[in-house]
Amino acid sequence: DSGVTQTPKHLITATGQRVTLRCSPRSGDLSVYWYQQSLDQGLQFLIQYYNGEERAKGNILERFSAQQFPDLHSELNLSSLELGDSALYFCASSARTGESGEKLFFGSGTQLSVL
Amino acid sequence: AQSVAQPEDQVNVAEGNPLTVKCTYSVSGNPYLFWYVQYPNRGLQFLLKYITGDNLVKGSYGFEAEFNKSQTSFHLKKPSALVSDSALYFCAVRAPISGSARQLTFGSGTQLTVLP
């Protein structure tokens, strides 16, 4: 068990809808990362938050947004969903910013299916 | 831009034989290199990393990796494979500076199958 909790494990929704994915980092970790895993794109970095502030932004669509709350849990909001958004979304956490090479701890992911 | 290449989508090896999963990278400056493993329906788990120092890095479950700067490679190895090593393996790299372009970049993954 990595200590990173993601809910829900599975999400089935329709095109055009909006969903929220939730992540609780490992106790004491200040950074939360969101990754998208799909067969055609592999593992793509979406966004990182560090201690409540956005730290880095990757290949995140404008329809997607995220935030990290004072208790350090994070939510990834996906709106106007399209079929191509179907993927496994991972949350990861690390103790600090990640820039000194500390390892990431991954949750088990949320499998999103857009029908 | 930084990138990682895992040239083999699939590696098959017999139990008890040595295994190698290949990884090459491209990054500005000295790299931070990682190997992660993903079991079915699970998140990625950290295996080992190279930051600096000895080019041979030892990690979890008997795995090791050798950093080769001249060949820009970081191949994952294990002297004797177990059936339980069967999983999806990811190599990752990042440059030791901040910014979106320097986030952890993963390779496409290599499916390792250890045959009994």
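Rules used in this analysis
Residues numbered from 1 in each chain as written. Chains lettered and ligands numbered in written order. Predicted model: local features only at pLDDT ≥ 70, side-chain atom pairs only at ≥ 80, totals over all residues. Heavy atoms only, no water. Disulfide = S-S within 2.5 Å. Helix = DSSP H or I, 4+ residues; strand = E, 2+ residues; numbered from the N terminus. Buried < 20%, exposed > 50% of the residue type's maximum accessible area, 1.4 Å probe, protein only. Contact = heavy atoms within 4.5 Å. Buried area = accessible area lost by both parts, 1.4 Å probe. Salt bridge = Lys/Arg side-chain N within 4 Å of Asp/Glu carboxyl O. Polar contact = N/O pair within 3.5 Å; in protein donor to acceptor, adjacent residues only side chain to side chain. Nonpolar A, V, L, I, M, F, W, Y, C, P; charged D, E, K, R; others polar.

Our next topic: the state of the cysteines. Under the criterion given, the structure shown has two disulfides over all chains. The side chain of cysteine 23 of chain A participates in a disulfide bridge whose partner is cysteine 91 of chain A; the two sulfur atoms lie 1.8 Å from each other. A torsion of -55 degrees about the S-S bond marks the disulfide between cysteine 23 of chain A and cysteine 91 of chain A as left-handed. Within this pair, whereas cysteine 23 of chain A is found in strand β3 (residues 19-24), its partner cysteine 91 of chain A is found in strand β9 (residues 87-94), the two being separated by 68 residues in sequence. Residue classification places cysteine 91 of chain A among the buried residues on the basis of a relative accessible area of 0%. Paired through a disulfide, cysteine 23 of chain B and cysteine 91 of chain B show a sulfur-sulfur distance of 2.0 Å. Its S-S torsion of approximately -60 degrees makes the covalent link between cysteine 23 of chain B and cysteine 91 of chain B left-handed. A residue pair is termed long-range when its members are at least 10 positions apart, and cysteine 23 of chain B in the loop between β3 (19-21) and β4 (24-26) and cysteine 91 of chain B in strand β10 (residues 87-94) qualify at 68 residues.

Let us now look at the interface of chain A and chain B. With 21 residues of chain A in contact, the opposing surface of chain B contributes 20 residues. Buried surface at the junction of chain A and chain B, summed over both partners, amounts to about 1,600 Å²; 55% is from carbon and sulfur atoms. The largest contributions to the chain A side of the interface with chain B come from Leu43, Glu99 and Phe106 of chain A, which together make up 31% of the buried area. Remark: the boundary between chain A and chain B carries zero salt bridges. The interface formed by chain A and chain B holds five residue pairs in polar contact (both at pLDDT 80 or more) in total. When contributions to the side of chain A that touches chain B are tallied by element, the ones reaching two or more residues are β4 (31-38), β5 (42-50), β6 (53-57) and β9 of chain A. Partitioning the side of chain A that touches chain B into residue classes produces nine nonpolar, eight polar and four charged.

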